[in-house]
Amino acid sequence: MIKKITVNTIQKYKNSHEKFSVLTAYDYSTAKYIDEAGIDIILIGDSLAMVALGYENTNAIGVCEMEIFTKAVARGAKRSLIVTDMPFMSYHTTEAEAIENCGKMIKAGANAVKLEGASDYIIKTITHLTQIGIPVIGHLGFTPQFLNAIGGYNIQGKSFNSTLKILEEAKKLEQAGVFAIVLEMVPEESAQFITENLKIPTISCGAGRYCDAQVLVSDDLLGKFSDFKPKFTRKYGDMKSLILSCAKKYNEDVKNGKFPNEEEIFKLKEEELDQLKLHQREKINQY
Ligand code: KIV
């Protein structure tokens, strides 16, 4: 029997100082293999807007799209905890709408949702969500949905004061009931200080080695996305080259008549073939 990772498992990891792993996935088969590989949390990140759908940033994606990809991942993953990123403007207008949209992801198969920021408004929404049984992961430091307001892909928490500000926000999120916090593009020492002052685990996304967990976008890990490479990612494979070489070989084989071969086709039974040949001869004789 597969033992599903839950929010309790994640807290146990923190308590016992055991590191855990987070990877994004957006489709059924990738989720299935990532799950089989033993990754603890699968995140349907809104990064999918850029790496899978080709948008310029993450703000373009909507609730319906996140729902479709959540359903695909949930069909593939059996053990990992499934977390869906709530897209830009899906939890910012009214609290009722935020709850409805988060509920859609849980109905689609997510075990939890991830929300960015820690303004009073977001804290109120998260408090409500956790009170009605929707587990939440917070996201601080560089928050991609605030890209226009931040003014670029800038490192956050670079000074003593800004590190204290992130810690203060993290404490508010902890109080609101989140079970983990992603820290994105934060200097390692600042992230360590924040991590050591929280009861819940932190997940590093370019926040160094001392967070409780690490997250990578699977397309970066697999070497599939090649438009740019953030400093904090590591390429474990070269899917771009694999796709290119397979597609080139296939293209050649089709054009040289080498695909399909004898084993890759269906054949008629002999008597059906004879009939077909007879019919063809009769047709030719008609003209
Ligand atoms: O969208 C995403 O994939 C993320 C992670 C990289 C943390 O938010």
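All values derive from a computational prediction rather than experimental measurement.

**Some thoughts on the overall build of the protein**
And then number 1: The helix and strand tally for the protein stands at 12 helices and 8 strands.
And then number 2: Taking 19 Å as the expected radius of gyration for a compact globule of 287 residues, we find that the protein reaches 25 Å, considerably beyond that expectation.
And then number 3: By its C-alpha atoms, the protein is 90 × 40 × 35 Å across when sized along the principal axes.
And then number 4: Taken over 287 residues, the protein has a buried fraction of 45%.
And then number 5: When contacts within the protein are restricted to residue pairs at least 6 apart in sequence, those whose partners lie at least 24 apart make up 60%.

**Things to note about the domain arrangement of the protein**
And then number 1: By the assigned domains, the protein splits into domain 1 (7-241) and domain 2 (254-286).
And then number 2: The distance between the C-alpha centroids of domain 1 and domain 2 comes to 55 Å.

**Looking at the sheet that holds strand S2 (residues 41-44)**
And then number 1: An order of S1-S2-S3-S4-S5-S6-S7-S8 is seen for the 8 strands of this closed barrel, with the pairing classed as parallel. Averaged over all pairs of adjacent strands, the angle between their axes in this sheet comes to 25 degrees, without regard to strand direction.
And then number 2: Direction of pairing for strand S1 (residues 20-24) relative to strand S8 (residues 213-216): parallel, over a ladder of 4 bridges. Residue pairing in the sheet places Val22 in a bridge with Val215 of S8.

About the criteria used
Residues numbered from 1 in each chain as written. Predicted model: local features only at pLDDT ≥ 70, side-chain atom pairs only at ≥ 80, totals over all residues. Heavy atoms only, no water. Helix = DSSP H or I, 4+ residues; strand = E, 2+ residues; numbered from the N terminus. Rg over C-alpha atoms; globule rule 2.2 N^0.38 Å. Buried < 20%, exposed > 50% of the residue type's maximum accessible area, 1.4 Å probe, protein only. Contact = heavy atoms within 4.5 Å. Domains from an automatic or database assignment. Pairing = 2+ DSSP bridges. Axes fitted to C-alpha atoms, helices over the stretch in contact; angles between N-to-C directions.

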